[in-house]
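Survey of secondary and tertiary structure
Take a look at the letters that make up each chain.
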Amino acid sequence: KAGVTQTPRYLIKTRGQQVTLSCSPISGHRSVSWYQQTPGQGLQFLFEYFSETQRNKGNFPGRFSGRQFSNSRSEMNVSTLELGDSALYLCASSLQDLSYEQYFGPGTRLTVT
Amino acid sequence: AQSVTQLGSHVSVSEGALVLLRCNYSSSVPPYLFWYVQYPNQGLQLLLKYTSAATLVKGINGFEAEFKKSETSFHLTKPSAHMSDAAEYFCAVSDRDGTASKLTFGTGTRLQVTL
């Protein structure tokens, strides 16, 4: 079974632009979570989607948003990019409602210049 | 809010030696606990998890961890280190409720394995 896939793997954007990252979960998985990883702040939870609804949200500004489609694929959007948004963005999927076992994708490395 | 502390940002062991990576959590109610490993330029791979069954949990690649409620700890061990174990290890915790999918991670421990 294919793992979690994320596209693109690398991205370079300019401050002020917006960006959309994509995540395809493992087949059959209905929950998708997003995390930001930076050297300074470590791994931080952004949000989680289940059945196209945002179920949990971390402490990030409104510039960070996401959505989930009926096939469970998810996208994350960051508007008005700042230098501090440079990070590895990781997507994780899990099989069931309230499942605690998450499987991570390889991440998208975003660099904001 | 849940939190987890990993003692030691860098640990160095010789190949064949015992690996011990420390993790302590803060919660009055035992949470779900996890260990993940991250290799360079890769995502996170689940090593093992504690969800309320046996307190000694065995994972992949010869790793295991013991949940000790009295010490609020979930330390990761491996009897004999291998060069391929060199990576960054993260302890994580989540609540046993509607936020179970929200993982809170420790700051990570980079494991170096020397000859």
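Structure shown above.
Residues numbered from 1 in each chain as written. Chains lettered and ligands numbered in written order. Predicted model: local features only at pLDDT ≥ 70, side-chain atom pairs only at ≥ 80, totals over all residues. Heavy atoms only, no water.

**Description of the side chain of Gln37 of chain A**
Within the secondary structure, Gln37 of chain A is located in strand β4 (residues 31–38). A distance of 2.9 Å separates a polar atom in the side chain of Gln37 of chain A from a polar atom in the side chain of Gln38 of chain B. When neighbours within four sequence positions are excluded, Gln37 of chain A is seen to be in contact with Gly42, Leu43, Ala87, Leu88 and Leu90 of chain A together with Gln38 and Phe90 of chain B. (Helix = DSSP H or I, 4+ residues; strand = E, 2+ residues; numbered from the N terminus. Polar contact = N/O pair within 3.5 Å; in protein donor to acceptor, adjacent residues only side chain to side chain. Contact = heavy atoms within 4.5 Å.)

**What to know about the packing of aromatic side chains**
Each pair of aromatic rings is reported with the distance of its centres and the angle of its planes. Across all of its chains, the model carries 14 aromatic pairs over all chains by this definition. Both rings, one in Tyr35 of chain A and one in Phe45 of chain A, keep their centres 5.5 Å apart while their planes meet at 70°; by these two values the pair is edge-to-face. Remark: Phe45 of chain A occurs in strand β5 (residues 42–50) and Tyr35 of chain A occurs in strand β4; sequence separation between them is ten residues. Just as Tyr35 of chain A is buried, Phe45 of chain A falls in that class too. Ring geometry for Phe104 of chain A against Phe105 of chain B: centres 6.3 Å apart, planes inclined by 70°, an arrangement best described as edge-to-face. In this pair, Phe104 of chain A sits in strand β10 (residues 103–104) while Phe105 of chain B sits in strand β10 (residues 104–105), so the two residues belong to two different chains. Phe105 of chain B matches Phe104 of chain A in its accessibility class, with the two residues each being buried. Ring-pair connections join several aromatic residues into one group, and the members of that group are Tyr35, Phe45 and Phe104 of chain A together with Phe34, Tyr36, Phe90 and Phe105 of chain B. (Phe/Tyr/Trp six-rings, centres within 6.5 Å; stacked < 30°, edge-to-face > 60°. Buried < 20%, exposed > 50% of the residue type's maximum accessible area, 1.4 Å probe, protein only.)

**A few points about the interface of chain A and chain B**
Chain A puts 20 residues into the contact, and the matching count from chain B is 20 residues. Of the roughly 1,700 Å² buried between chain A and chain B on both sides combined, carbon and sulfur atoms contribute 56%. Three residues, Leu43, Tyr100 and Phe104 of chain A, lead the burial of chain A against chain B; their summed loss comes to 35% of the area buried on that side. Taken together, the links from chain A to chain B amount to one salt bridge. Of the charged contacts, one joins Glu101 of chain A and Lys49 of chain B as a salt bridge, the two residues approaching to 2.7 Å between their closest N and O atoms. (Buried area = accessible area lost by both parts, 1.4 Å probe. Salt bridge = Lys/Arg side-chain N within 4 Å of Asp/Glu carboxyl O.)

**Describing the state of the cysteines**
By the definition in use, this model includes two disulfides over all chains. Residue Cys23 of chain A pairs covalently with Cys91 of chain A via a disulfide, S to S 1.7 Å. Measuring handedness by torsion sign, the sulfur bridge of Cys23 of chain A and Cys91 of chain A sits at about -50° and is left-handed. On the criterion of sequence distance, the pair formed by Cys23 of chain A in strand β3 (residues 19–24) and Cys91 of chain A in strand β9 (residues 87–94) is long-range, its members being 68 residues apart. The same class applies to Cys23 of chain A as to Cys91 of chain A, namely buried. The residue that forms a disulfide with Cys23 of chain B is Cys91 of chain B, at a sulfur-sulfur distance of 1.9 Å. Judged by the torsion about the S-S bond (-60°), the Cys23 of chain B/Cys91 of chain B disulfide is left-handed. Separated by 68 residues along the polypeptide, Cys23 of chain B in strand β3 (residues 19–26) and Cys91 of chain B in strand β9 (residues 87–94) bring together distant segments of the chain. In this structure Cys91 of chain B comes out as buried when scored by relative accessible area, which is 0%. (Disulfide = S-S within 2.5 Å.)

**Re the environment of Tyr103 of chain A**
All names here are of chain A. Here Tyr103 lies in strand β10. Separated by 70 residues in sequence, Tyr103 and Ser33 place their C-alpha atoms 9.7 Å apart. The contact partners of Tyr103, leaving out residues within four places of it in the chain, are Val4, Ile26, His29, Cys91, Ala92 and Ser93. Here the side chain of Tyr103 touches Glu101 through a polar contact of 2.5 Å, side chain to side chain.

**Side note on the sheet that holds β3 of chain A**
All names here are of chain A. Pairing in this open sheet of four strands is antiparallel, and the strands run β1-β3-β8-β7 from one edge to the other. Each of the sheet's edge strands pairs with one partner strand only, and the pair in question is β1 (5–7) and β7 (64–68). Taken pair by pair, the neighbouring strands of this sheet meet at an average axis angle of 20°, ignoring direction. The pairing of β1 with β3 spans three bridges and is antiparallel. Bridging from a neighbouring strand, Thr7 pairs with Ser22 of β3. (Pairing = 2+ DSSP bridges. Axes fitted to C-alpha atoms, helices over the stretch in contact; angles between N-to-C directions.)

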